[in-house]
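Residue-level structural notes
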Amino acid sequence: AMFPLGEDTRIAFVQENPKRAGSAAHELYEQYKASTTVREAKQRGCRHVDLSNDFKKGFLTVQPGQEVAPAKKEESSSNLVSKAVPEVAPEQENAQGVVQEPKERVDGKRKASQVADEAIAKQPRSVEAKDATESRLKAELGDARLAPTSTA
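Residues numbered from 1 in each chain as written. Predicted model: local features only at pLDDT ≥ 70, side-chain atom pairs only at ≥ 80, totals over all residues. Heavy atoms only, no water.

**Some points on the overall build of the chain**
Selection rule: Each helix corresponds to a stretch of at least 4 residues labelled H or I by DSSP, and each strand to a stretch of at least 2 residues labelled E; elements are numbered beginning at the N terminus. In what follows, residue pairs with any heavy atoms lying within 4.5 Å of each other are defined as contacts. Surface accessibility in these figures is a Shrake-Rupley result with a 1.4 Å probe; residues are shielded only by whichever protein chains are displayed.
Secondary structure assignment for the chain yields six helices and four strands. Listed N to C, the secondary structure of the chain is β-α-α-α-β-α-β-β-α-α in terms of helices and strands. Here the contacts in the chain between residues at least 6 apart in sequence split such that 50% fall between residues at least 24 apart. Summed over its atoms, the accessible surface of the chain is roughly 11,100 Å², and 54% of this surface lies on carbon and sulfur atoms.

What follows is the structure, encoded as structure tokens:
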């Protein structure tokens, strides 16, 4: 964020007015250039757009040592991810001894494959480019349906 402490952020403006003399912007800058916080600058007529433009142009600096302490983490990000992503059962052998992937994983691959098919179909490309794209997607998705077609 441009102002780490919001309206309480300590700031400093260039004191020599950089705006064109006689302009409304020059007059306004004169009103707020002595401000030492975002709140004070706003009270003196400075708008958010003025703060943003003055900051971008180097007329305004944020005083050092105002870093916001990171919020206390309630849970680690890995815990949040594990709660958001449903757990998928491991592969299981069926009665004939054939390893089967769980339905959730198969459905996920099927959906990813459909998205990949749609993306490929939308892009008119040369045969070589299409084969390269299909090979890359096959490697990423592990979907045998996307095996490159032989042109020889």
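Right, picking up where we left off after that structure.
**Looking at the pattern of salt bridges**
Put simply, the test is: The term salt bridge refers to a pairing of a side-chain nitrogen on Lys or Arg with a carboxyl oxygen on Asp or Glu at a separation within 4 Å. Between buried and exposed lies partly exposed: a residue is buried under 20% and exposed over 50% of the maximum accessible area for its type, with that area taken using a 1.4 Å probe on protein chains only.
Per the stated rule, a full pass over the model turns up seven salt bridges. Residue Glu 7 pairs with Lys 42 through a salt bridge whose shortest N-O separation is 3.2 Å. Here Glu 7 is found in the segment before strand E1 (11-13), whereas its partner Lys 42 is found in helix H2 (residues 38-43), with 35 residues between them in sequence. Across the salt bridge formed by Lys 33 and Glu 30, the nearest N and O atoms sit 3.2 Å from each other. In this structure Lys 33 comes out as buried when scored by relative accessible area, which is 16%. A relative accessible area of 36% places Glu 30 in the partly exposed class. Connected through shared salt-bridge partners, Glu 7, Asp 8, Arg 39 and Lys 42 make up one network.

**Quick word on helix H1 (residues 24-32)**
Defined as follows: What the arc describes is the spread of directions from the helix axis to the C-beta atoms.
Along H1, the residues classified as buried are His 26, Leu 28, Tyr 29 and Tyr 32. Taken end-on, H1 shows its buried residues confined to a sector of 165°, consistent with a single buried face. Buried residues in H1 make contact with E1, H2 and helix H3 (48-56).

**Some words on the confidence of the model for the chain**
Worth spelling out the cut-off: Each residue carries a pLDDT score, the predictor's own confidence in it, on a scale running from 0 to 100.
In the predicted model, the chain carries a mean pLDDT of 73, and the fraction of residues at 70 or more is 43%. No element of the chain has a lower mean pLDDT than helix H4 (residues 77-84), which averages 45, and none a higher one than H1, which averages 97. In the predicted structure, residues 74-88 sits below a pLDDT of 50 and forms five contacts with residues beyond four places in sequence or in another chain.

**Considering the side chain of Lys 19**
Looking at the element boundaries, Lys 19 is found in the loop between E1 and H1. Sequence-distant contacts of Lys 19, defined by excluding residues within four places in its chain, comprise Ala 25, His 26, Tyr 29, Tyr 32, Asp 54 and Phe 59.

**Description of the packing of aromatic side chains**
Condition: A pair of Phe, Tyr and Trp rings is counted when the ring centres sit within 6.5 Å of each other, with Trp represented by its six-membered ring. The angle between the planes then sorts it: under 30 degrees is stacked, over 60 is edge-to-face, the rest tilted.
Considering all chains together, one arrives at four aromatic pairs under this definition. The interplanar angle of 65° and the centroid separation of 6.4 Å between the aromatic rings of Phe 3 and Phe 55 together place this pair among those described as edge-to-face. Of this pair, Phe 3 sits in the segment before E1 while Phe 55 is found in helix H3, placing the two residues 52 residues apart along the sequence. Residue class for Phe 3 comes out buried when judged on its relative accessible area of 12%. Judged by relative accessible area, which is 35%, Phe 55 ranks as partly exposed.

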